[in-house]
Amino acid sequence: MSRRRGTAVAIALLLAALAAAGCGLGSGEGRGDVALTVTHDYGAEPVLERSVGGIAESDTVIRVLDRNTEISTRYGGAFVHSIEGVAGGQREGRPHHWFFYVNGLWSPVGAAEYALRGGEAIWWDYRDWSVGTRVAAVVGSWPQPFAGGYEGGLHATAVECLGGGAACGVVRRRLRDAGASLTAGSPRGAIRVLVGPWARLRGDRDAALIEDGAQVSGVFAEFVRRGRGFVLWGLDEGGEPARAFGPDAGLIAATRRFDAPPVWLVTG
């Protein structure tokens, strides 16, 4: 698949959610199910979508993956090197490796250390990481992290309307229906959802990460000023412009600054 096509899918991933479904067993106390998704190129090529049941107290992200796919590991079993025969390394001169997310966030610990509580959405993706070294937050695990929290805790959701008009009401309803706990204001620790035109959102410190490029924000899109407004561009895996979207195009993206709560953007 060409890099430009891969980026179009990466941008589409910002506008859609991945579902998952299967089975599995572990030892210890039962903790319900988790969703396991395995893809290539930011979700462009699905490999596995499965609901894994029977999660046990002793289960970790890597144990669930091992029970449901063929994997190889390195560094004493702590690092996933290959899944279904696809290994990390160079492809067409560019570095590719496996990355995993739990409830839409890049994990602060390794897969062998990440203990599961049940209910998580786990996404493994094999991709070019020459530019997107740290894609810290993604939207492809909707309705996570709003419904199930992240990193072992539940978090309130704060919708901030910055000129979004009727779209703000739609966003609040969709979040509430998905199981989010909405809160007034922006209390410490809340997941922020910013709704409004990019001309307004770009003044926010977290939203402005997009203007620093994909290497910083982890979002493969940018807004280019044209006249009095902005045009949305999708970027390829190298962070270069690949596709211009129409004047009415919108973007749903997620960013995260270090270990702060993630921030979602609904903008255009």
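To be clear, the structure that these remarks concern was listed above.
Every chain's residues receive numbers from 1 upward, in the order its sequence appears when written. Reporting in this predicted model follows two pLDDT cut-offs: at least 70 for local features of residues, and 80 or more for side-chain atom pairs to be given and counted; totals over whole chains, interfaces and linings ignore these cut-offs and use all residues. Values shown for side chains rest on all heavy atoms present in the structure; no hydrogens or waters enter the calculation.

Topic: the overall build of the chain
Numbering of helices and strands runs from the N terminus; a helix is a DSSP stretch of H or I covering at least four residues, while a strand is a stretch of E covering at least two. For the chain, the count of helices and strands is five helices and 16 strands. Relative to its full complement of 268 residues, the chain shows a buried share of 46%. Contact criterion: two residues are considered in contact whenever any of their non-hydrogen atoms come within 4.5 Å of each other. Taking the intrachain contacts of the chain between residues at least 6 apart in sequence as the baseline, contacts between residues at least 24 apart amount to 64%. About 12200 Å² of surface is accessible on the chain, with carbon and sulfur atoms providing 51% of the total. Burial status follows relative accessibility: with a 1.4 Å probe on protein chains alone, a residue under 20% of its type maximum counts as buried, one over 50% as exposed, and anything between as partly exposed. Per-residue and other accessible areas were derived by the Shrake-Rupley procedure at a 1.4 Å probe size, with only the shown protein chains allowed to occlude residues.

A look at the pattern of salt bridges
One side-chain nitrogen of Lys or Arg within 4 Å of one carboxyl oxygen of Asp or Glu is enough to make a salt bridge. As enumerated under the stated definition, the model contains nine salt bridges in all. One salt bridge connects Arg-67 with Asp-59, and the closest N-O pair in it is separated by 2.8 Å. On the basis of relative accessible area, Arg-67 is assigned to the partly exposed category, the value being 30%. Take Asp-59: its relative accessible area is 0%, and that puts it in the buried class. In the salt-bridge network here, residues are joined through shared partners; they are Glu-160, Arg-192, Asp-204, Asp-206 and Arg-257.

With respect to the environment of Asp-66
Within the fold, Asp-66 resides in helix H2 (residues 61–68). For the pair formed by Asp-66 and Val-80, sequence separation is 14 residues and the distance between their alpha carbons is 9.6 Å.

Concerning the pairing of strand S16 (residues 263–267)
Among the five residues that make up S16, four are buried, leaving the element largely enclosed by the rest of the structure. Two strands are said to pair when DSSP picks up at least two bridges between them. The pairing of strand S11 (residues 191–195) with S16 spans four bridges and is parallel. Its bridge partner being in S16, Val-193 is matched across the sheet by Trp-264. The pairing of strand S15 (residues 251–255) with S16 spans five bridges and is antiparallel.

Looking at the state of the cysteines
Two cysteines, two sulfur atoms, one covalent bond between them: this is a disulfide. The definition used for a disulfide is geometric: two cysteine sulfur atoms within 2.5 Å. This structure, assessed with the given rule, holds one disulfide. Two residues share a disulfide in this structure: Cys-161 and Cys-168, whose sulfurs sit 2.0 Å from each other. Classification of the bridge connecting Cys-161 and Cys-168 rests on its S-S torsion, roughly 90°, and on that basis the disulfide is right-handed. The class of Cys-161 is partly exposed, set by a relative accessible area of 36%. Residue class for Cys-168 comes out buried when judged on its relative accessible area of 2%.

Remarks on helix H3 (residues 166–178)
A helix is expected to span 1.5 Å multiplied by its residue count minus one. The end-to-end C-alpha separation of H3 is 19 Å, in line with the 18 Å expected for 13 residues at 1.5 Å each. Of all the residues in H3, the buried ones are Cys-168, Val-171 and Leu-175. Buried positions in H3, seen along its axis, are confined to an arc of 65° and lie on one side of it. Of the exposed residues in H3, the ones pointing more than 90 degrees away from its buried face are Ala-166, Arg-174 and Asp-177. As for H3, its buried residues are in contact with strand S10 (157–161), S11 and S16. The arc in question is formed by the directions pointing from the helix axis toward the C-beta atoms.

Looking at the nonpolar core
In terms of nonpolar packing, the biggest core is built from 21 residues, with Leu-36, Val-38, Val-61, Leu-116 and Trp-124 touching the most fellow members. Of all the secondary-structure elements, those providing two or more residues to this core are strand S1 (34–40), strand S2 (45–52), H2, strand S4 (79–83), strand S7 (94–102) and strand S9 (121–128). Considering every element that reaches this core, the biggest residue donor is H2, with four residues. Contacts of Val-38, omitting those with residues within four sequence positions, involve Glu-45, Pro-46, Val-47, Leu-48, Leu-65, Ile-83, Trp-98 and Trp-124. Buried Ala, Val, Leu, Ile, Met, Phe, Trp, Tyr and Cys residues that are joined via side-chain atoms within 4.5 Å together make up what is termed a nonpolar core.

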